[in-house]
Number of protein chains: 2
Amino acid sequence: MTEKDQLEAAITAQGDVVRKLKSAATKDKAKINEEVQKLLALKEQLKQCTVDDAGEPAAPKPAGGNDSTPGNRNLSLKTPKGTRDYGPEAMALRQRVLDQVVSVFRKHGAETIDTPVFELKEVLTGKYGEDSKLIYDLKDQGGEILALRYDLTVPFARYVGMGNVFNIKRYHIAKVYRRDNPQITRGRYREFYQCDFDIAGTYDPMLPDAECVKVVCEILSEVGVGEFVVKLNHRKLLDGMFEACGVPADKFRTACSSVDKLDKTPWDEVKREMIEEKGLTEETVDRIGEYVTLHGGPELVDRLAEDEKLKKIPTAMEGLEDMRLLLQYCEIFQVANRVSFDLSLARGLDYYTGVIYEAVLLGGGADDEEITVGSVAGGGRYDNLVGMFNPKRKQVPCVGVSIGVERLFSIIESRVAGKTRTNETQVYVISAHKGLHLKRLEFLNKLWAAGVKAEHSYKLNPKLLAQLQHCEEYQIPYAIVLGDGELSRGVVKLREIATRKEEEIPLERFIEELRVRLSSS
Amino acid sequence: MTEKDQLEAAITAQGDVVRKLKSAATKDKAKINEEVQKLLALKEQLKQCTVDDAGEPAAPKPAGGNDSTPGNRNLSLKTPKGTRDYGPEAMALRQRVLDQVVSVFRKHGAETIDTPVFELKEVLTGKYGEDSKLIYDLKDQGGEILALRYDLTVPFARYVGMGNVFNIKRYHIAKVYRRDNPQITRGRYREFYQCDFDIAGTYDPMLPDAECVKVVCEILSEVGVGEFVVKLNHRKLLDGMFEACGVPADKFRTACSSVDKLDKTPWDEVKREMIEEKGLTEETVDRIGEYVTLHGGPELVDRLAEDEKLKKIPTAMEGLEDMRLLLQYCEIFQVANRVSFDLSLARGLDYYTGVIYEAVLLGGGADDEEITVGSVAGGGRYDNLVGMFNPKRKQVPCVGVSIGVERLFSIIESRVAGKTRTNETQVYVISAHKGLHLKRLEFLNKLWAAGVKAEHSYKLNPKLLAQLQHCEEYQIPYAIVLGDGELSRGVVKLREIATRKEEEIPLERFIEELRVRLSSS
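Keep in mind it's a predicted model, so treat the numbers as computed, not measured. (Residues numbered from 1 in each chain as written. Chains lettered and ligands numbered in written order. Predicted model: local features only at pLDDT ≥ 70, side-chain atom pairs only at ≥ 80, totals over all residues. Heavy atoms only, no water.)

Chemist: I would appreciate a short explanation of the overall build of chain A in the present structure.
Modeler: For chain A, the helix and strand inventory stands at 18 helices and 16 strands. A principal-axis box enclosing the C-alpha atoms of chain A has dimensions of 95 × 60 × 55 Å. Counting the 521 residues in chain A, one finds 56% classified as buried. Looking at chain A alone, contacts between residues at least 24 apart form 67% of all its contacts between residues at least 6 apart. With an accessible surface of roughly 22300 Å², chain A has 50% of that area assigned to carbon and sulfur atoms. (Helix = DSSP H or I, 4+ residues; strand = E, 2+ residues; numbered from the N terminus. Buried < 20%, exposed > 50% of the residue type's maximum accessible area, 1.4 Å probe, protein only. Contact = heavy atoms within 4.5 Å. Areas by Shrake-Rupley, 256 points an atom, 1.4 Å probe, with all protein chains shown as cover.)

The structure is reproduced here in structure tokens:
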């Protein structure tokens, strides 16, 4: 299927979702709105699919948009390409996942920092290889040349280097920007969150590295995304392996990016690329081929340590020693069953200098053949990046991991059955009949003063049924129903929304009684 | 003092702060780093103060920056003009304030949404009057013409209009961007947070408006910024007043922006501007002058309702009726003592259509003459903005408030004595002597599994003193000290860092015992 076909299919499916929601007996407006937004985004993508990015058509004019009334009557009603709004329900889900991620970071003692959304362009230049073309530049409006951040690692390295920080364990959760071809059907946007955890400082081998692996395992277990494996490898071992196979030193990085494609591309194709495009000999490539199929645990470290070709390469042996330690620490951290020493793991970025890792979800489960459904976290050691940003070129070794939260959001979103609560209101103050709005305000004020999350209708005389429906729609657990009859007897009705059970509570005790119920539910 | 003089004075003072910190007996590195950052920012500002924004000098070359080694050796080490990094301590303080703000928003039942950091340029065009020149444009890299958001109100109106949302109560906390001349000495940056709370929907008069005022009062009390007053006025009353004074209808808005200066400018100067620049007659301006000195409560509403000139102007009477209701609701919400109906309040933005308000802090306190130290929140009703973004031009009335959190951050920051905790670590696992790193990992793993926030040194054999100092520096409340002697007896030492009290705990009970202590402290 072409991208266009895929989009058309997705639009049909999404259209069905929207129609179904709209025809349901109880209408969930927030959900409908969310799904309509997705449908609109898909349609927009289809429209853009047919034109070249560089030659996008002028913004479409809404119907009747030819009049010349002032005030932007011809405004095109969309968010920028590859971006979207997040409504209350999407935000509630995202916040829940982010809270879980942060709580793991905090369990491991991390602090947080923040950096500006844009950097001097030169800070970003030369850090992302070919992908540099995806950087969003700001317009030169007189002054500095700026660009939106592309990831959180380079700003972190700048922060550490520029500030003469010599050790820090920090997390940073923020949006990054890439002028990529958005694939909204697969949840890939131009503006998206990254969640990074990094440890900077001069420490003993593999102690911080192992903790990063542990953090990844805890987060994926906590969020609950099913089975996963964290693939581990080492840049020094990769380089040593290339050397042992006869790759010239100046081709290590380019060989690396070929190997990096193995998760999506069959070996034959990667082999062809290495021979035809990278200019390696068939013999060399066949030797590489033998290594990159290997994966396992400590027994693989032992076996490679005895490998005749690798034994002669000191960097390979250094890498192996690190791997041995890392696997030992993973054993103690009880994640040995979650990790796999995998010689095919290469990672795209140039700046890694030591351990690299990548967590992938395993589809199937019951199935024998494990199908990986994509990377959800990745990282590694980068010991030479901070020095670029230090006035005295001092290096600070770093290791870190980036959690692919957007993937996690999508997974969690697709699993949610029913509506997610979007506010935290505990009680809704209801008028049973006309003329009670001042009383409502009085009750609200008492509730707020007591720290209770409370709301009411902003209409003077709302219908009782409309108020009750609001409680159900927003899943507000309790309502206080005010009525002249009850008030004259010194009581109010307390209604539990889910059960529709009502009871009368003396006015002077309504907050205490409410609190008891709230704390027990 | 010129800006340059002020900056030089500020640099001298900041230099003293840094020197004092550096010479202190116990060095707080994080704090020193924060203060150094501030010093560097001031110096940068001074440098830029002497050159025109449009003709900024090339980035300064670091010493020895003439070599041509690849890898950006000449990188200028700074954040973009008007921006800064936030280190762990600044972030911890900000997070604390934001949590308080959010908890008030949530108490009032608000949901949250998010919108992209950039918008189609045309969405922002024509919304900010003269200040439009401060919008950050993105470079045209082929595709859409984009700009960074300037506030959160216009994106919110776009979200509501575009999504056919008819009622929503939402908060949005995010950074906005203005290419203003940064005044770092006064805490004004080009990238800064806004915290907005808005209620969109067709409701009865003043019910949502009064709740916005209540929200402002709760937040300012909660955060604890001292005495404040929320000034209230109404655009319809202002317009009616202008009409009554003889201002032509097409000059209402420009008269409004003159009146808006009264909080910083004496009446004589505003009067001169209205006559000389805005072309109003002296008679008209003198009449305005009589009104704009008025401020008070419900008695002022009564008095104006009987005002011979205003009585004839229906819009003025409508505005007064709103004010009467608003003050009544404020009375019930027990914030009557916090608000002041003030005819000099005008607010700069064009899009307000009803109630407007602005919270200012009161300096002095004991002093009779109240000195306002600046606006910390502001907002109002804007009933005609959403329609611009709706395909069928449907209007959705809105009222909202924006909390000036950057001002709140500065106030709280200036008050903090001592170091703020930047992580949440509950226990640090210490080796009393060499050779215990595997044991440490084992203990850590148990603690993490039990949900305890725990850390250790990433060195194999750290010095005992260094480990204890780390606990003190980061204010970690407890340490578990591992030693062969204790371990062989089946116990560990639990040390309370603040009191240096140590006790032995049986291995099998150390987590339970730790939990008891953590929950009681």
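Past the structure itself, the notes keep going.
Chemist: Help me out: how do you make sense of the environment of B:Leu21 in this one?
Modeler: Residues and elements named next belong to chain B. Of note, Leu-21 is situated in helix α1 (residues 3–23). Distance from Leu-21 to Glu-35, taken between C-alpha atoms, is 8.8 Å for residues 14 residues apart in sequence. Once you skip the residues sitting within four places of it in the chain, Leu-21 turns out to touch Lys-31, Ile-32 and Glu-35.

Chemist: Whenever I open this one, the packing of helix α3 (residues 88–107) of chain A against helix α14 (residues 405–415) of chain A confuses me. Can you help?
Modeler: For any two helices packed against each other, one specifies the inter-axial angle together with the distance between the axes. Residue and element names in this part refer to chain A. Packing of α3 against α14 brings their axes to within 10 Å, and their N-to-C directions diverge by 125 degrees. Accordingly, the angle class assigned to the pair α3 and α14 is oblique. Classified by chirality, the crossing of α14 by α3 is right-handed. Taken together, the residues of α14 that come into contact with α3 (itself represented by Ala-90, Leu-93, Arg-94, Val-97, Leu-98 and Val-101) are Val-405, Glu-406, Leu-408, Phe-409, Ile-412 and Glu-413. (Axes fitted to C-alpha atoms, helices over the stretch in contact; angles between N-to-C directions. Parallel < 35°, antiparallel > 145°, perpendicular 65-115°, else oblique. Left-handed = near helix turned anticlockwise from the far one by under 90°.)

Chemist: Sorry, what's going on with the interface of chain A and chain B here?
Modeler: A common way to state how big an interface is: give the accessible area lost once the parts meet. Facing 108 residues of chain A, the contacting portion of chain B comprises 108 residues. Of the roughly 9700 Å² buried at the junction of chain A and chain B (both faces included), carbon and sulfur atoms supply 56%. Counting across the chain A and chain B interface gives 12 salt bridges. For the salt bridge of A:Lys78 with B:Glu144, the shortest nitrogen-to-oxygen distance reads 2.5 Å. (Buried area = accessible area lost by both parts, 1.4 Å probe. Salt bridge = Lys/Arg side-chain N within 4 Å of Asp/Glu carboxyl O.)

Chemist: I tried to follow the relation of the copies chain A and chain B on my own but got confused; where do I start?
Modeler: Comparison of the two chain copies shows a relationship of rotation about an axis with a shift along it. The operation relating chain A to chain B is a screw motion whose rotation component is 180 degrees, with 0.0 Å of axial translation and a residual RMSD of 0.0 Å. As the rotation angle and translation indicate, the two copies are arranged about a two-fold axis. Of the interface residues in chain A, 100% have counterparts in chain B that sit at the interface too, so the contact is made through matching surfaces. (Least-squares fit on C-alpha atoms with pLDDT ≥ 70 in both.)

Chemist: Would you take a moment to explain the pattern of salt bridges for this structure?
Modeler: Charged atoms that come close allow side chains of opposite charge to pair. Residue and element names in this part refer to chain B. The final tally for this structure, using the stated rule, is 82 salt bridges over all chains. As a salt-bridge pair, Arg-381 and Asp-209 come within 2.8 Å of each other at their nearest N and O atoms. A residue pair is termed long-range when its members are at least 10 positions apart, and Arg-381 in strand β10 (residues 372–381) and Asp-209 in helix α6 (residues 207–223) qualify at 172 residues. The same class applies to Arg-381 and to Asp-209, which are both buried. With a shortest N-O distance of 3.1 Å, Glu-502 and Arg-495 are connected by a salt bridge.

Chemist: In this structure, what is going on with the sheet that holds strand β16 (residues 501–506) of chain B? I would like to understand it.
Modeler: Whenever strands of a sheet pair, they do so through backbone hydrogen bonds, lying parallel or antiparallel. All names here are of chain B. Across the sheet, which stays open at both edges, the five strands sit in the order β13-β12-β14-β15-β16 with mixed pairing between neighbours. Edge positions in the open sheet fall to β13 (454–456) and β16, since each of these has one partner strand only. Between one strand axis and the next, the sheet turns through 30 degrees on average, direction left out of account. Where strand β15 (residues 491–496) lies against β16, six bridges are found, and the strand directions are antiparallel. Among the inter-strand pairings, Lys-493 is bridged to a residue of β16, identified as Glu-504. (Pairing = 2+ DSSP bridges.)

Chemist: Quick question: what am I supposed to make of the packing of aromatic side chains here?
Modeler: Aromatic ring pairs are defined here through the distance separating the ring centres and the angle between the ring planes. This structure, assessed with the given rule, holds 24 aromatic pairs over all chains. Ring geometry for A:Phe105 against A:Phe197: centres 5.4 Å apart, planes inclined by 20 degrees, an arrangement best described as stacked. Here A:Phe105 is found in helix α3, whereas its partner A:Phe197 is found in strand β5 (residues 191–200), with 92 residues between them in sequence. Neither A:Phe105 nor A:Phe197 differs from the other in exposure class; each is buried. Ring centres 5.1 Å apart and planes at 45 degrees place the aromatic pair A:Phe118 and B:Tyr136 in the tilted group. (Phe/Tyr/Trp six-rings, centres within 6.5 Å; stacked < 30°, edge-to-face > 60°.)

Chemist: Help me understand helix α8 (residues 252–259) of chain A, please; the structure alone is not making it clear to me.
Modeler: Since there are 3.6 residues in each turn of an α-helix, residues three or four apart along the chain are aligned in direction. Residues and elements named next belong to chain A. For α8, the complete set of buried residues consists of Phe-252, Ala-255, Cys-256, Ser-258 and Val-259. Relative to the axis of α8, the buried residues are bounded by an arc of 160 degrees and lie together on one face. Buried residues in α8 make contact with α7 (235–245), α9 (267–277) and α10 (282–292). (Arc of directions from axis to C-beta.)

Chemist: I tried to follow unusual backbone geometry on my own but got confused; where do I start?
Modeler: Of all residues except glycine, most have a negative phi; of all peptide bonds, most are trans. The phi dihedral of A:Arg500 is positive, around 60 degrees, even though this residue is not glycine. You can see A:Arg500 is positioned in the loop between β15 (491–496) and β16 (501–506). Backbone geometry at B:Asn164 places phi at a positive 50 degrees, although glycine is not the residue there. Turning to its location among the elements, B:Asn164 is positioned in the loop between α5 (153–162) and β4 (168–177).

Chemist: How do you make sense of the sheet that holds strand β13 (residues 454–456) of chain A when you look at a structure like this?
Modeler: All names here are of chain A. The sheet built from five strands is open, its strands ordered β13-β12-β14-β15-β16 with mixed pairing. At either end of the open sheet lies a strand with only one pairing partner, and these are β13 and β16. Across this sheet, the average inter-strand angle for adjacent strands is 30 degrees, counted without regard to direction. Across the sheet, helix α16 (residues 464–473) lies against β12 (427–431), β13, β14 (478–482) and β15, angled at about 175 degrees from β12, the strand it touches most.

Chemist: Is there a simple way to explain the pairing of strand β4 (residues 168–177) of chain A in this structure?
Modeler: The side chains of a regular strand alternate between both faces of the sheet. Residue and element names in this part refer to chain A. The buried count for β4 comes to nine of 10 residues, which makes it a mostly enclosed element. Judged from the two bridges that link them, strand β1 (residues 111–112) and β4 form a sheet pairing that is parallel. Of the residues in β4, the one forming a bridge with Thr-112 is Tyr-171. Pairing analysis gives 10 bridges linking β4 to β5, with the strands arranged antiparallel.

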